[in-house]
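What follows is the residue order along each chain.
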Amino acid sequence: MIMICVFLNVHADENVTVYMNGRLIEFDVQPIVIDGRTLVPMRKLFEELGAAVDWDGENNIATGYSKGIYVMLPIGRDYYNIDEIVFSADVPAQEINGR
């Protein structure tokens, strides 16, 4: 699993907590703040959203798919794709502690 950037209201000196629909989401590798952006483990977050998740270890690319939407997150790149549209990433997706 990789870490992706999401926008949450947190402070760097606090533990990061993530709620979805009012329910606390617990991760096996804790979300972290890097350069003012919060990174969370992609697989857990996407699976909580009902998405299928896959990892291409040869090319270091994580993908998620749900309800006709396809997300591609390459590790260490300053972009990501949603349905073949390229977006800039402030903080690239990263592999941290095996996630």
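This text follows the structure it describes.
Just so it is clear, the model here is predicted, and its values are computed rather than measured.

## Here we look at the side chain of Asn-81
Right, so step 1: With respect to the helices, strands and loops of the structure, Asn-81 is situated in strand β9 (residues 79-82).
Right, so step 2: Beyond its immediate sequence surroundings of up to four residues, Asn-81 is in contact with Tyr-70, Val-71, Met-72 and Val-86.

## Some thoughts on the nonpolar core
Right, so step 1: By size, the foremost hydrophobic cluster in this structure holds 16 residues, and its most contacted members are Val-18, Met-42 and Phe-46.
Right, so step 2: Only β2 (18-20), α1 (42-48) and β8 (69-74) provide two or more residues apiece to this core.
Right, so step 3: Ranked by the residues each element gives to this core, the list is headed by α1, at three residues.

## Let's talk about the environment of Gly-36
Right, so step 1: Checked against the element boundaries, Gly-36 lands in the loop between β4 (32-34) and β5 (37-41).
Right, so step 2: In the structure, Gly-36 is positioned 55 residues away from Val-91 in sequence and 9.1 Å away in space, judged by C-alpha atoms.

## So, the sheet that holds strand β7 (residues 61-66)
Right, so step 1: In spatial order, the strands read β6-β7-β8-β9-β10; together these five strands make up an open sheet with antiparallel pairing. Edge strands, defined here as strands with exactly one partner in the open sheet, are β6 (52-56) and β10 (85-88). Averaged over neighbouring strand pairs, the angle between their axes works out to 20° when direction is ignored.
Right, so step 2: Relative to β7, β6 runs antiparallel, the two sharing five bridges.

Scoring rules and cut-offs
- Residues numbered from 1 in each chain as written.
- Predicted model: local features only at pLDDT ≥ 70, side-chain atom pairs only at ≥ 80, totals over all residues.
- Heavy atoms only, no water.
- Helix = DSSP H or I, 4+ residues; strand = E, 2+ residues; numbered from the N terminus.
- Contact = heavy atoms within 4.5 Å.
- Core = buried A, V, L, I, M, F, W, Y, C linked by side-chain atoms within 4.5 Å.
- Buried < 20%, exposed > 50% of the residue type's maximum accessible area, 1.4 Å probe, protein only.
- Pairing = 2+ DSSP bridges.
- Axes fitted to C-alpha atoms, helices over the stretch in contact; angles between N-to-C directions.

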